[in-house]
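Coordinate inspection notes
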Amino acid sequence: MDLNHGPLDLLLFPMSYEYSEEPFLFPNSSTTTLPHYSTSLLHYSNTVQGKNMRITIANAKGGVGKTTSSIYLAATATARGHEVVLLDADPQGSASQWAFMAENENDPLGFEVQAANPATLRRPQKENVMEIVDAAPTGQGLQAALETADFVIVPSSDSPLDVQQAWSTLSATDKPAAVLLVRVESGTRAMKAVMEAFNRWATPLFDAQIHKRQDIKTSMGHNPKKLWEYAQAWQEIELMMKGE
Ligand SMILES: Nc1ncnc2c1ncn2[C@@H]1O[C@H](COP(=O)(O)OP(=O)(O)OP(=O)(O)O)[C@@H](O)[C@H]1O
Ligand SMILES: [Mg+2]
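Here is what the cut-offs are and how they apply
Residues numbered from 1 in each chain as written. Chains lettered and ligands numbered in written order. Predicted model: local features only at pLDDT ≥ 70, side-chain atom pairs only at ≥ 80, totals over all residues. Axes fitted to C-alpha atoms, helices over the stretch in contact; angles between N-to-C directions. Helix = DSSP H or I, 4+ residues; strand = E, 2+ residues; numbered from the N terminus. Parallel < 35°, antiparallel > 145°, perpendicular 65-115°, else oblique. Left-handed = near helix turned anticlockwise from the far one by under 90°. Contact = placed C-beta atoms within 7 Å. Buried ≥ 20, exposed ≤ 12 C-beta atoms within 10 Å, placed from the backbone. Arc of directions from axis to C-beta. Nonpolar A, V, L, I, M, F, W, Y, C, P; charged D, E, K, R; others polar. Near = placed C-beta within 6 Å.

**Describing the packing of helix 1 (residues 66-79) against helix 8 (residues 230-242)**
The relative placement of two packed helices is expressed as an angle between their axes plus a distance between the axes. Helix 8 packs onto helix 1 with a crossing angle of 65° between their chain directions and a minimal axis gap of 9 Å. On the basis of the axis angle, helix 1 is roughly perpendicular to helix 8. In terms of crossing hand, the pair formed by helix 1 and helix 8 is right-handed. Every residue of helix 8 that contacts helix 1 at Tyr72, Leu73, Thr76 and Ala77 is listed here: Tyr230, Ala231, Ala233 and Trp234.

Below, the structure is given as C-alpha cells:
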C-alpha cells in the first residue's frame, strides 16, 4: 500500500494558501495516468448491492471526521430500518467512548458499537447486518478495514492537506470508494478550489456535503437528534445499493 502516491502529489496549492489572492495552480495532467472514476456513486451499483454491507470510513489523516461520520451514518442507517453494528477499529476507541457516554446519559445510541481489530474484521460478516467501520488511521487496522469493505467512504474537509490524504486513501484501496466532504463552509475560495480539483481528477464524490455545524461538533457522547446532510449521503448509498 503506497499512501504517498497518486494525484494528490500533483495538486499544487501555493504555500500562502490561506492568504493568496492568486488563483490556485493545478498541474498539467497530460503526462499523468490516473484512475478514472465516475463522480456518481451509481457508477458502483453493479458491485455494491444488498443488505449485507460493510461500509468502512477511512482516512489516513487524523481529525477529519471519521468517528463523527461513522456515528451519524450508523444513526441514519438505523433510522432507515437497517440493523446496524458500528465496528470501532480505531485503537483510540472514540466511537466506543461515544456510545459509553450516551449510555451514561440514559439516551443510548440506537445501534451496537463493538470494538474490532484486524482479526475480528476478517471474520465472516453476520447476515442482514449493516456494518459501519470506524477505521484505524494507519497500519494493519487500516489495511484490514479497507480489504474487508464493500464500500469505502473517505471523509475530508476542504483543507488541501485533508484532500491530499483523501486521495492517498482512495488510491490505497481497490474497493468502490468515494469522498464525503465534511465540515464544509460553502462559498469559500478553499471550497471552490477543492471542487475544481475533485472535478479535474474525476474523484468519486458524494453529492451530499456535511456542513460545519456546532450541533455536530457538540454531539460527541450524545445520541444524535438531527442527522443533517448525513441523511442525504445515506440516500445516495441506498440508491447505489439498489442500483437505481
Ligand atoms: N460537520 C461538522 N461540523 C463541525 N465540527 C465537526 C463536524 N464533523 C466533525 N467535527 C469535529 O471535528 C473534530 C474531528 O472529528 P472526528 O473526531 O470525528 O475525526 P476523526 O477523523 O475520527 O479523528 P481521529 O483521527 O482523532 O480519530 C471533532 O471535534 C468533531 O466534533
Ligand atoms: Mg476518530
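**What about the pairing of strand 6 (residues 177-181)?**
For strand 6, the buried fraction is high: 5 of the 5 residues fall into the buried class. Along strand 6, one buried face is formed by Ala177, Val179 and Leu181 and the opposite face, lined by Ala178 and Leu180, is buried too.

**Considerations on helix 2 (residues 94-104)**
At 3.6 residues per turn, the α-helix brings residues three or four places apart onto the same side. Regarding helix 2, the residues found buried are Ala95, Trp98, Ala99 and Ala102. For helix 2, the angular spread of the buried residues around the axis is 95°, confining them to a single face. Contacts from the buried residues of helix 2 go to helix 1, strand 2 (84-88), strand 3 (112-115) and strand 4 (130-134). Immediately beyond the C-terminal end of helix 2, within one or two residues, lies Asn106, with a positive phi of roughly 60°.

**Some words on the packing of helix 1 against helix 2**
The N-to-C vectors of helix 1 and helix 2 enclose an angle of 50°; their axes lie 9 Å apart at closest approach. With respect to their mutual orientation, helix 1 and helix 2 come out oblique. Judged by the twist between their axes, the crossing of helix 1 over helix 2 is right-handed. Residues Thr67, Ser70 and Ile71 of helix 1 form the contact with helix 2, whose own contacting residues are Ser94, Ala95 and Trp98. Its residues assigned to classes, the contact of helix 1 with helix 2 comprises 3 nonpolar, 3 polar and no charged.

**A closer look at the site of ligand 1**
Taken together, the neighbourhood of ligand 1 is formed by 19 residues, with Gly62, Lys66, Thr67, Thr68 and Lys217 sitting nearest. If you list the elements that add at least two residues to the shell around ligand 1, you get helix 1 and helix 7 (214-217). Take the shell around ligand 1: its biggest share by element is 3 residues, from helix 1. Of the residues assigned to the shell around ligand 1, the class counts are 6 nonpolar, 7 polar and 6 charged.

**With respect to helix 4 (residues 139-147)**
Those residues of helix 4 not exposed but buried are Gly141, Leu142, Ala144, Ala145 and Leu146. In this structure, the buried side of helix 4 is in contact with strand 1 (54-57), helix 3 (118-121), strand 4 and strand 5 (151-156).

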